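This is what each chain is made of:
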Amino acid sequence: MKTSTNPPCEPEHDFALIVGGVGEQTQHVEDALFNAGCDDATLSIQYGLLYMEFSRSAPSLEDAIIGAINDVRNAGIRAEVLRVDECDLVTPSEIARRIGRTRQLIHQYMNGTRGPGGFPPPECHLTDNAPLWAWCAVSYWLVQNDLLRPEEGWNAEVVEAINNFLESERQRQRYPELVDEIARGLTMHT
Amino acid sequence: MSRSRHPKPAIEKAVQYAEQLGWRVELSGGHAWGRLFCPFSSRSGCIISVWSTPRNADNHARQIRKVIDSCPHRSDSDDEQEGDTES
């Protein structure tokens, strides 16, 4: 995920969408997506899924991604945007890669021997030898401690919110009763 | 080179880069100039659509190279062929 500013134009945002429901990369699919406004994306098939790499000019990453999802949905080919290709669960190595620091430094942040302390705890796989951290939580901590630019932290939140929304929509389509049941059960206990 | 060249030089270079890595080029119609097929030419192989007139030719060329570089089959194709021989 990358944003480059090109004044006086709107900034250009790089991101990728993973799209299901499109069996083959036919001329019909290509033309429909091109005509729907996806001429700023490169289409490829990866693991049988349509993968769309965008470089889109828009006021914000949020505007760019939402616009692209709507373009795909309006292409009339029954394409289903599954997610933005960004994973919120990360290893210490991935955290290091994303902020261009060493893995050793990240471990030092985690155990408090470097930095201001209070590094967020892992999100899951707590009992494994390989716990995972939520990038949103980590990037928030990094921004709070001036170790990451605020817009990068915000973009992590935007991508995660969009992916959560897409997943929730999909789950509601598959098992609406389950989603309602869980919502009722959790609301009762609040 | 027997195929026709892509009219945008940056994209033509990206297509040539794909060919150097063993990708196959098939020309097509409509908005797509052609498609690139990775060396792992089975149903799960990678396919890239190359636009004739993308919104930004330089961005499209950069994206094509990125997909080529991230192709998961680059080092697998030899293993797959070995596996086929054994079975």
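Residues numbered from 1 in each chain as written. Chains lettered and ligands numbered in written order. Predicted model: local features only at pLDDT ≥ 70, side-chain atom pairs only at ≥ 80, totals over all residues.

Caption draft 1: Here's a closer look at the nonpolar core. In terms of nonpolar packing, the biggest core is built from 59 residues, with A:Leu17, A:Met52, A:Val72 and B:Val50 touching the most fellow members. By residue number, the principal contributor to this core is helix α2 (residues 61-73) of chain A, which donates five residues. Those residues in contact with A:Met52 that lie beyond four places of it in its chain are A:Ala16, A:Leu17, A:Val19, A:Cys38, A:Ala41 and A:Leu43. (Core = buried A, V, L, I, M, F, W, Y, C linked by C-beta atoms within 7 Å. Buried ≥ 20, exposed ≤ 12 C-beta atoms within 10 Å, placed from the backbone. Helix = DSSP H or I, 4+ residues; strand = E, 2+ residues; numbered from the N terminus. Contact = placed C-beta atoms within 7 Å.)

Caption draft 2: Fine view of the confidence of the model for chain A. On average, residues of chain A carry a pLDDT of 92, and 97% of them reach 70 or more. Across chain A, element-level confidence peaks in α2(A) with a mean pLDDT of 97 and bottoms out in strand β1 (residues 2-4) of chain A with 71. (pLDDT = per-residue confidence, 0-100.)

Caption draft 3: Geometry of the interface of chain A and chain B. Taken together, the contacts link 16 residues of chain A with 21 residues of chain B. Going through the elements one at a time, α1 (27-35), β3 (41-46) and β4 (49-57) of chain A are the ones with two or more residues in the side of chain A that touches chain B. With five residues, the top contributor of residues to the side of chain A that touches chain B is β3(A). A breakdown of the residues in the side of chain A that touches chain B according to their chemical character gives four nonpolar, seven polar and five charged. (Nonpolar A, V, L, I, M, F, W, Y, C, P; charged D, E, K, R; others polar.)

Caption draft 4: Up close: the packing of helix α3 (residues 92-99) of chain A against helix α4 (residues 103-111) of chain A. All names here are of chain A. The N-to-C vectors of α3 and α4 enclose an angle of 110°; their axes lie 8 Å apart at closest approach. Between α3 and α4, the angle is such that the two are roughly perpendicular. Handedness of the crossing formed by α3 with α4: right-handed. Residues Pro92, Ser93, Ile95 and Ala96 of α3 touch α4, and the partners they reach there are Arg103, Ile106, His107 and Met110. Here the residues of the contact of α3 with α4 sort into five nonpolar, two polar and one charged. (Axes fitted to C-alpha atoms, helices over the stretch in contact; angles between N-to-C directions. Parallel < 35°, antiparallel > 145°, perpendicular 65-115°, else oblique. Left-handed = near helix turned anticlockwise from the far one by under 90°.)

Caption draft 5: Summary view of the packing of helix α5 (residues 135-144) of chain A against helix α6 (residues 150-174) of chain A. Residues and elements named next belong to chain A. Close contact between α5 and α6 brings their axes to 9 Å; oriented N to C, the two are set at 160°. One way to sum up the angle between α5 and α6 is to call them roughly antiparallel. Two packed elements cross with a definite hand, and for α5 against α6 that hand is left-handed. Here α5 contributes Trp135, Cys136, Ser139, Tyr140, Leu142 and Val143 to the contact with α6, which in turn contributes Pro150, Glu152, Gly153, Ala156, Glu157 and Glu160. Residue composition of the contact of α5 with α6, grouped by class: seven nonpolar, two polar and three charged.

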